[in-house]
Amino acid sequence: MRGTASRTIVALLLTAAVAAVAQESEELPNTREEALRRQREEKRKTVRPYVPNRIEEELLRIDKAENPSVFDLNWKGFYPRVAWPSRGSGAALGARYWQRDFWGPLDAAGAAFYSLYGYQHYDIQLGLMPHKGSRIPQRSWRGDELYEIGDVKPGFPRFPLFATFRYRYLPQEDFYGLGPEASLEDRTTYLQEETRAYLRTGLQFTKNFVWIVEGGYQWNSLGPGTSSSYPTTDAVFDDDAAPGLASPPDYVRFSTQLFFDFRDEPGNPHKGWMLALIGERFLDRSEDAFSFDRIGFDARGFLPLGSPQRILALRAALLGDHAEEEGRVPFFMQESLGGSHTLRGFDSFRFRGERIEIYQIEYRWEPTTFWELAVFTDAGSAAREGSAFEGLEWDYGFGMRFKTYRDVVLRFEIAFSNETTRYYIRGSTSF
Amino acid sequence: MHDINQCARGPTPARSKAGALRAPLLALALVAAPKFYPDDPILVDRDDLPIDKPGMVELSATYDLLEKTFAPMDPGVEIPRAMNVNTLGEVPDSSWFQNRIGVRDMSLEELARGPSEGGRPELPLTVISGKASGITPGFTVRDTAGKIYFVKFDPLLHPNLSTAADVIGKNFFHAIGYNVPESYIVYLRSGDLTIDPGAQVIVKGAKRVPMKREFLETMLESSAHHPDGSARAVASLAVEGEVLGPLQFEGTRSDDPNDIVPHEHRRELRGYRVFCAWLNHDDSRAINTLDAYVGVPGSGHVRHYLIDFSSTLGSGSDNLRRIAPQNPRAGNEYIVDFEPIWKAFYTFGISDRVWRRIPYAYPQYAEAGRIESEYFDPARWKPEYPNPAFDRMLRDDAFWAAKIVARFTDDAVRAIVSTGDFLSKDAERYLADTVIRRRDKAVAHYFRQLNPLDGFKVGDSLTFRNLGAERGLGAVSGYEYEWFSFDNETGALAPLGARGVVLDTRVPLPDSNPPYLMVRIRTNSPTEDSWRKAVDVYLRAGTLVGIEREI
């Protein structure tokens with residue numbers, strides 16, 4: 001009985017299998033066209049719309065904005081930014097505002113930043129500003145006057161004319177003393193509040209030649225530094241060693257700059273050169289004891305070494321302040337060396353003086369256009385007015401940059417000196 | 001390398017992004033299916049079955065670049081043979097490709113006419129929208145006949161460069177067999193243009209603002225001018241049907257039932273690489289393609305187009321994405337090409353790109369842009385970034401394409417290049433000469449990769465042509481052949497007599513006459529080892545029914 005059942009089941013299974021095979025055989029297409037048609041009919045049962053993933057959707061939105069660029073991400077003219085408002089400030093989070101033709105032909109710009117170490121920066125600008133397309137104009141918030149000269153990009157309009165109001169709160173500015181004798185052990189900090197209102201104009205003679213004139217008022221205020229690691233400046237230095245410490249002067253300031261730029265792309269040069277000449281007059285509004293003049297130059301050259309992917313970048317800059325007879329130059333107005341644009345192996349503001357010299361050499365190589373590596377050495381010194389430059393301080397290091405064709409977007413550097421090792425992450429070129 | 005029998009039985013299906021059906025036309029290949037169907041070889045793939053209108057696809061060019069660059073094809077994956085070829089290894093006519101110069105002679109007039117069907121815009125033109133920024137600012141117009149055209153200009157500094165490349169490129173790719181829009185070089189003056197009251201301009205940030213006359217004037221002033229003062233532009237006729245967005249070079253359209261072959265396995269898309277290399281079409285990416293729904297809604301189908309050939313030949317864009325003579329990198333290196341990047345990195349920049357030293361004739365022949373033929377190597381040529389179909393191109397795909405390239409005679413090339421309407425005849429001559437030399441290099445390279453036998457005919461004997469020998473690419477000392485009977489149901493082969501050798505391109509037929517015959521032919525060449533690779537030719541009732549090539 002059991003065997004009969006088993007045989008019956010096997011027979012049924014076989015019959016079903018044969019039937020299935022027979023049915024399948026019947027369904028085999030007879031022609032190639034039929035076979036293809038069946039495949040298409042089969043797919044028709046499962047059609048579904050194309051759904052891009054989230055990343056693709058976002059990138060599509062940016063693509064549609066035309067010429068996508070990190071510089072163009074904005075909300076009604078407000079741009080989120082990470083910036084370094086002053087040397088030693090640490091990274092600052094904030095926003096910039098930029099609107100062409102904000103009021104008739106006048107452009108408007110503004111910025112607000114707050115840094116890791118409590119530094120604050122606010123500015124408002126209105127007028128005919130130099131810009132290309134809708135790019136943000138010159139970075140007046142950088143607070144690095146020497147460097148700022150080189151940042152003026154030739155562009156429209158030919159007659160820039162704009163007003164700026166700027167306030168900076170710098171709570172931990174470093175001061176080590178003046179001249180080459182300044183000692184690392186004497187590191188102090190002070191608070192500086194600086195407010196400037198000025199008008200800037202100029203003439204763009206050609207694509208490569210710009211003359212800039214600036215005039216305005218500068219209010220200065222000093223106080224104890226907020227750093228808990230170092231003493232405040234007034235605890236270590238007196239007014240002789242740190243002129244202007246007791247009564248920081250306000251100034252009327254006049255400045256003129258001549259700017260010759262033959263770099264192929266100012267923000268990311270591969271060949272050419274630039275020369276900036278600066279002359280400034282600072283008029284002390286109180287006692288005239290701190291009035292002074294400043295002259296200087298900044299020359300940079302970029303030599304391709306047989307290929308645009310190998311660049312030798314050179315820089316030499318000299319700056320000299322000259323106080324009126326029996327006058328002095330306030331220590332906080334004196335130019336300094338140290339930090340991400342000058343002596344990179346030294347702390348920011350490490351060397352100050354009425355006279356500054358800086359020499360920099362970089363060998364840059366580009367594995368590809370948006371990625372650059374560099375080895376570099378910097379040398380420079382600071383001297384007191386009337387004194388000769390003594391031995392150069394020097395450092396060396398290497399770095400890596402990510403770039404667009406026009407700008408350095410991110411710069412990573414490590415620099416070594418006999419005093420320290422410095423690490424940098426910056427959003428700008430070294431020079 | 002693929003065994004020839006693997007091809008015969010059908011390749012292994014590959015990954016399909018869209019999860020599409022994967023069987024090739026050659027091997028629809030259910031286990032019990034015969035190798036040859038009665039209607040083989042098919043000359044037309046009826047992929048125009050009525051379907052509902054698929055949805056619009058928008059593709060991010062940036063995402064496409066990143067995806068293809070950083071997630072390219074796994075080099076270890078075995079690449080199957082092309083899946084949309086017929087049993088002769090040819091591409092049937094379809095919504096993708098219409099065989100033209102590859103299968104018939106085209107007159108010089110027809111070649112120069114390209115896709116045009118008398119649709120030159122009739123002036124004046126009404127501007128209905130515009131684009132103020134991007135790599136190719138331009139606008140959309142409606143002519144007096146109501147036809148819509150997209151108008152793009154040459155930049156002021158580079159007269160005739162991109163408009164000529166666009167029209168020439170379209171005419172070449174049309175002759176090859178692709179669907180391309182009609183394009184015309186037009187000369188416009190301000191008075192030829194009026195603005196539609198509802199016209200808008202897309203400005204930076206994707207904002208739309210009402211179009212002002214100033215926009216048109218600026219566009220005309222910043223464009224290159226003809227000696228008669230008019231601004232030269234290329235006007236591309238809007239393609240027939242409703243636009244569905246670009247196609248992709250991988251997977252299938254998930255909402256098109258007719259689209260059953262993964263695009264990376266379509267021969268005309270794999271072979272597109274050969275044509276793009278020949279004509280330096282480095283911008284041959286997905287964003288420069290277009291699907292359109294043609295026919296009556298509800299019973300139409302999708303047609304696939306290639307568009308925008310302004311970055312072809314010597315025309316391209318500079319580092320700021322402006323139209324300019326082709327960037328020397330283009331065609332030689334991907335935008336992100338890891339190998340040269342790595343080499344330059346660890347050698348401190350000493351390892352430099354060879355292409356930097358290419359002595360281009362630019363600007364001597366400025367209208368022709370930056371293109372050359374001395375350094376050009378069809379095998380090393382690269383588009384802007386990896387293309388999934390290009391990366392899967394096998395030697396038989398390339399051979400198919402090279403056969404078409406070889407069909408362009410010198411006169412054909414010159415006829416098409418002349419449609420660029422150059423001011424300088426020297427530039428036109430230089431460009432044509434360069435294209436001809438690049439053609440010869442491409443054909444020579446791919447005809448040397450496998451046994452280049454073709455043109456099989458059955459009569460008293462089996463005759464054929466050796467395309468490589470005909471072009472003087474190698475010497476031939478004879479052809480080995482071996483006949484088999486072939487079982488169409490099982491795929492079994494049984495030898496029919498001994499192996500033979502003939503000295504010319506004529507193989508005697510065997511005495512027996514089974515339903516299917518197969519002859520395996522190898523070329524004996526003292527110079528070309530690859531010509532020893534087998535070509536299997538199948539006959540059914542004295543008719544050619546299949547060709548398979550060892551690659």
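Remember, predicted model here, so these are calculated numbers, not experimental data.

A. Up close: the sheet that holds strand β18 (residues 506-508) of chain B. All names here are of chain B. Strand order in the open sheet made by the three strands is β13-β14-β18, with antiparallel pairing throughout. Each end of this open sheet is capped by a strand with a single partner; those strands are β13 (453-458) and β18. Each strand of the sheet is rotated relative to its neighbour by a mean of 25°, with strand direction disregarded. The sheet contact formed by β13 and strand β14 (residues 461-466) spans four bridges and is antiparallel.

B. Representation of the packing of helix α4 (residues 161-176) of chain B against helix α11 (residues 410-417) of chain B. Residue and element names in this part refer to chain B. Orientation of α4 relative to α11, taken along the N-to-C sense of each, is 140°, at an axis distance of 9 Å. Between α4 and α11, the angle is such that the two are oblique. Counting all contacts with α4, which are made through I168, N171 and F172, the residues of α11 involved are V413, I416 and V417. Among the residues making up the contact of α4 with α11, the classes are represented as five nonpolar, one polar and no charged.

C. How the structure looks around the environment of B:E242. All names here are of chain B. Tracing the backbone shows E242 in strand β8 (residues 242-245). Placed 55 residues apart in sequence, E242 and P297 show a C-alpha to C-alpha distance of 9.5 Å. With sequence-adjacent residues up to four places away left out, E242 is seen in contact with K53, D291, A292 and Y293.

D. Here's a closer look at the interface of chain B and chain A. Tallying the contact residues gives 63 residues for chain B and 48 residues for chain A. Carbon and sulfur atoms make up 56% of the area that chain B and chain A hide from each other, which totals about 4,800 Å². Where chain B touches chain A, the interface holds two salt bridges. Across the contact surface, chain B and chain A share 29 residue pairs in polar contact (both at pLDDT 80 or more). Residue classes in the side of chain B that touches chain A are distributed as 33 nonpolar, 13 polar and 17 charged.

E. Representation of the pattern of salt bridges. Residue and element names in this part refer to chain A. All chains considered together, the criterion is met by 83 salt bridges over all chains. Between E34 and R37 there is a salt bridge, and its shortest N-O distance comes to 2.8 Å. Of the two residues, E34 and R37 both sit in helix α2 (residues 32-44), three residues apart, roughly one turn of that helix. As a salt-bridge pair, R253 and E280 come within 2.4 Å of each other at their nearest N and O atoms.

F. Layout of helix α3 (residues 54-64) of chain A. Residue and element names in this part refer to chain A. Inspection of α3 places E56, L59, L60 and D63 among the buried residues, and these make up the whole buried set. End-on, the buried residues of α3 take up no more than an arc of 105°, which puts them together on one face. The exposed set on the far side of α3, more than 90 degrees from its buried face, consists of R54 and R61. One side-chain oxygen at the N-terminal end of α3 lies 3.1 Å from the backbone nitrogen of I55; it belongs to N53.

Rules used in this analysis
Residues numbered from 1 in each chain as written. Chains lettered and ligands numbered in written order. Predicted model: local features only at pLDDT ≥ 70, side-chain atom pairs only at ≥ 80, totals over all residues. Heavy atoms only, no water. Pairing = 2+ DSSP bridges. Helix = DSSP H or I, 4+ residues; strand = E, 2+ residues; numbered from the N terminus. Axes fitted to C-alpha atoms, helices over the stretch in contact; angles between N-to-C directions. Parallel < 35°, antiparallel > 145°, perpendicular 65-115°, else oblique. Contact = heavy atoms within 4.5 Å. Nonpolar A, V, L, I, M, F, W, Y, C, P; charged D, E, K, R; others polar. Buried area = accessible area lost by both parts, 1.4 Å probe. Salt bridge = Lys/Arg side-chain N within 4 Å of Asp/Glu carboxyl O. Polar contact = N/O pair within 3.5 Å; in protein donor to acceptor, adjacent residues only side chain to side chain. Buried < 20%, exposed > 50% of the residue type's maximum accessible area, 1.4 Å probe, protein only. Arc of directions from axis to C-beta.

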